[in-house]
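Structure assessment
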Amino acid sequence: MRATTIHAPYDMRVEDVPEPLVQLPTDAVVRVLRSCICGSDLWAYRGEAARKAGQRIGHEFLGIVEETGSEVTGVRRGDLVVAPFMWSDGVCDYCREGLTTSCEHGGFWGAVGYDGGQGEAVRVPFADGTLVQLPKDAASDDHLLSALLTLSDVMGTGHHAALGAGARKGATVAVVGDGAVGLCAVLAAKRLGAERIIALGRHQARTDIARAFGATDVVAERGEAAVEAVRELTRGQGAHAVVEAVGTEQSMRTAVNITRDGGAIGFVGVPHGSGTGLDLGVMFDRNVALRGGVAPVRAYIPELLPDILDGTIDPSPVFDMTVGLEGVPEGYKAMDERTALKVLVTNGS
């Protein structure tokens, strides 16, 4: 079969690899219908996250179950399923508490020796704990498939950030970052009842999506100018709930400085390239809380799925470029150059 591999910075290839097989009784094999490229994949693409030459890549996918191991009971051949960006057994202490990303037997797609989502098929460990069944008729609805694919990562991660920040009915929420996760955090904050949502971003195509998702205000400035702009919009107080969806020192410093006294920051931007930008003294004096981290999206899918199926939320606009599997290297280039927000990868139908 064909799958995406990474060989060196900026060297992505779609190559022939062995077809996945059921190796353990808890495995399933999923034939991928849709996958996508994540902003976090770009750290490997740019050489800022180490990968072995030839390693598989991609952690967001949905598809059709092709084969199951003898102990798999939750899904069967022919089921349409979505996979969260990490697999988990569903039964360990962490999984039972909803923190599936800390599963004692969990792992990340594309890890050495495991399949990545940007390919024709994937071996799924712990299929019962990992995969979530979707309505079969969604397989013939391109628009719905795109929306459902966001459950594998960005919609659940945006929801995690909004929850961590304390987005709620009547609150003012500010979102730092106009990538797909930040935009999904806007949508999540709206879903949770936020009264005012301030999106920080400089790219009009992205801030247009933010407005469509529920943003009431857009702040294009950065750094101290952004802080001043948000405080001007909030009578000098800042936002009750702030999402940090970038991961740089500057973005975290901005997040802290635009948070209202007694407010909270939900951080889901993967920290990279610097310190955190946190001043604990400032946070202590102003009673600012910090919550977040790797989003346990498997725990959120059952809550978010019905709202996508009935159209209450539609995260699909975060995909603004579509390629076939052979076009994945071009998709990485487009996202790296910021000519694409998030690239959808289609396999077959």
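Our structure is the block above this text.
This one's a predicted model, so the numbers in the text were calculated from it and none came from an experiment.

Things to note about the environment of Gly-69
Within the secondary structure, Gly-69 is located in the loop between β5 (61–68) and β6 (80–83). Between the C-alpha atom of Gly-69 and that of Val-29, which follows or precedes it by 40 residues, the distance is 8.8 Å. Contacts of Gly-69, omitting those with residues within four sequence positions, involve Val-22, Leu-24, Pro-25 and Asp-27.

Regarding the environment of Val-81
Counting through the fold element by element, Val-81 comes out in strand β6. Using a relative accessible area of 1% as the deciding quantity, one classes Val-81 as buried. Beyond its immediate stretch of four places on either side in the chain, Val-81 contacts Val-30, Leu-62, Gly-63, Val-65, Val-75, Leu-131, Val-132, Gln-133 and Leu-134.

Description of the pairing of strand β12 (residues 196–200)
Burial analysis of β12 places 4 of its 5 residues in the buried class, the great majority of the element. Bridging between strand β11 (residues 172–176) and β12 involves 5 bridges; their strand directions are parallel. If you follow Thr-172 over to β12, its bridge partner there is Arg-196. By the bridge criterion, 3 bridges tie β12 to strand β13 (residues 217–219) in an arrangement that is parallel. Bridge pairing in β13 links Ile-198 to Asp-217. Taking the sense of rotation as the criterion, the β-α-β connection linking β12, helix α7 (residues 204–213) and β13 turns out right-handed.

What to know about helix α6 (residues 180–191)
Counted at 1.5 Å a residue, the expected span for α6 with its 12 residues is 16 Å, and the 16 Å between its end C-alpha atoms agrees. Along α6, the residues that are buried comprise Ala-180, Val-181, Gly-182, Leu-183, Cys-184, Ala-185, Val-186, Leu-187, Ala-188 and Ala-189. Each element contacted by the buried residues of α6 is listed here: α5 (154–165), β11, β12, α7 and β14 (239–244).

Details of the sheet that holds β11
Overall, parallel pairing links the 6 strands, which are arranged β13-β12-β11-β14-β15-β16 in an open sheet. Here the strands that pair on one side only, and so sit at the sheet edges, are β13 and β16 (289–292). Taken over all neighbouring pairs, the strand axes of this sheet differ in orientation by 20° on average, direction set aside. In the packing of α6 onto the sheet, contacts are made with β11, β12 and β14, and the angle to β11 comes to roughly 170°.

Re the packing of aromatic side chains
Tallied over the entire structure, the rule returns 6 aromatic pairs. Ring centres of Tyr-10 and Tyr-45 lie 4.9 Å apart, and the angle between their planes is 75°; on these two criteria the pair is classed as edge-to-face. Taken together, the residues Tyr-10 in the loop between β1 (2–8) and β2 (11–16) and Tyr-45 in helix α1 (residues 41–45) connect sequence positions 35 residues apart. Seen from their ring centres, Phe-61 and Trp-109 are 5.2 Å apart, and the 75° between their planes marks the pair as edge-to-face.

Observations concerning the sheet that holds strand β4 (residues 55–56)
Across the sheet, which stays open at both edges, the 3 strands sit in the order β2-β1-β4 with antiparallel pairing between neighbours. Each edge of the open sheet carries a strand with a single partner, namely β2 and β4. Of the pairings in the sheet, the one linking β1 to β4 comprises 2 bridges and is antiparallel in character. In the strand pairing of β4, Ile-6 is matched with Gln-55.

Notes on the packing of α5 against helix α11 (residues 297–309)
Taken N-terminus to C-terminus, the directions of α5 and α11 make an angle of 95°; their axes are 9 Å apart at the nearest point. Considering the angle they form, α5 stands roughly perpendicular to α11. Note on element contacts: α11 touches α5 through Val-297, Tyr-300, Glu-303 and Leu-304, opposite Met-155, Gly-156, Thr-157, His-159, His-160 and Leu-163. Residues that form the contact of α5 with α11 fall into these classes: 5 nonpolar, 4 polar and 1 charged.

A closer look at the packing of α6 against α7
Axis angle and axis distance: for two packed helices, these are the angle between their axes and the distance between the axes, and together they describe the pair. Contact geometry for α6 and α7: axes closest at 8 Å, N-to-C directions at 15°. Relative to α7, the element α6 lies roughly parallel. In this structure, the crossing between α6 and α7 has a hand that is right-handed. Between α6 and α7, the contacting residues are Leu-183, Val-186, Leu-187 and Lys-190 on the first element and Arg-206, Ile-209, Ala-210 and Phe-213 on the second. Partitioned by chemical class, the residues of the contact of α6 with α7 number 6 nonpolar, no polar and 2 charged.

Rules of the game
- Throughout this document, residue positions are counted from 1 along each chain, in the order its sequence is written.
- Per-residue local features are limited, in this predicted model, to residues with pLDDT of at least 70; the limit for side-chain atom pairs, both in listing and counting, is 80 or more; totals at the level of whole chains, interfaces and linings are taken over all residues.
- Note that the side-chain values use all heavy atoms of the structure and ignore hydrogens as well as water.
- The helix and strand labels rest on DSSP assignments: H or I over at least four residues marks a helix, E over at least two residues marks a strand, and numbering proceeds from the N terminus.
- Any two residues having at least one pair of non-hydrogen atoms within 4.5 Å are treated as being in contact.
- Throughout this description, buried means an accessible area under 20% of the type-specific maximum (1.4 Å probe, protein chains only), exposed means over 50%, and partly exposed covers the range between.
- Two strands pair under a simple rule: DSSP has to find at least two bridges between them.
- By convention a crossover is right-handed if, when the strands point away from the viewer, the path from the first strand over the helix to the second runs clockwise.
- Expected span of a helix: the number of residues minus one, times 1.5 Å.
- To get an axis, fit a line to the C-alpha atoms, keeping to the stretch in contact for a helix; angles then go from 0 to 180 degrees between the N-to-C directions.
- Aromatic rings from Phe, Tyr and Trp, taking only the six-membered ring of Trp, are treated as a pair when their centres fall within 6.5 Å; an angle between ring planes under 30 degrees marks them as stacked, one over 60 as edge-to-face, and anything in between as tilted.
- Each angle gets one of four labels, with under 35 degrees taken as roughly parallel, over 145 as roughly antiparallel, 65 to 115 as roughly perpendicular, and the rest as oblique.
- Any residue that is not Ala, Val, Leu, Ile, Met, Phe, Trp, Tyr, Cys, Pro, Asp, Glu, Lys or Arg is counted as polar, Gly included; the first ten are nonpolar and the last four charged.
- Crossing handedness is read from the near helix: turned anticlockwise from the far helix by less than a right angle, it gives a left-handed crossing, and turned clockwise, a right-handed one.

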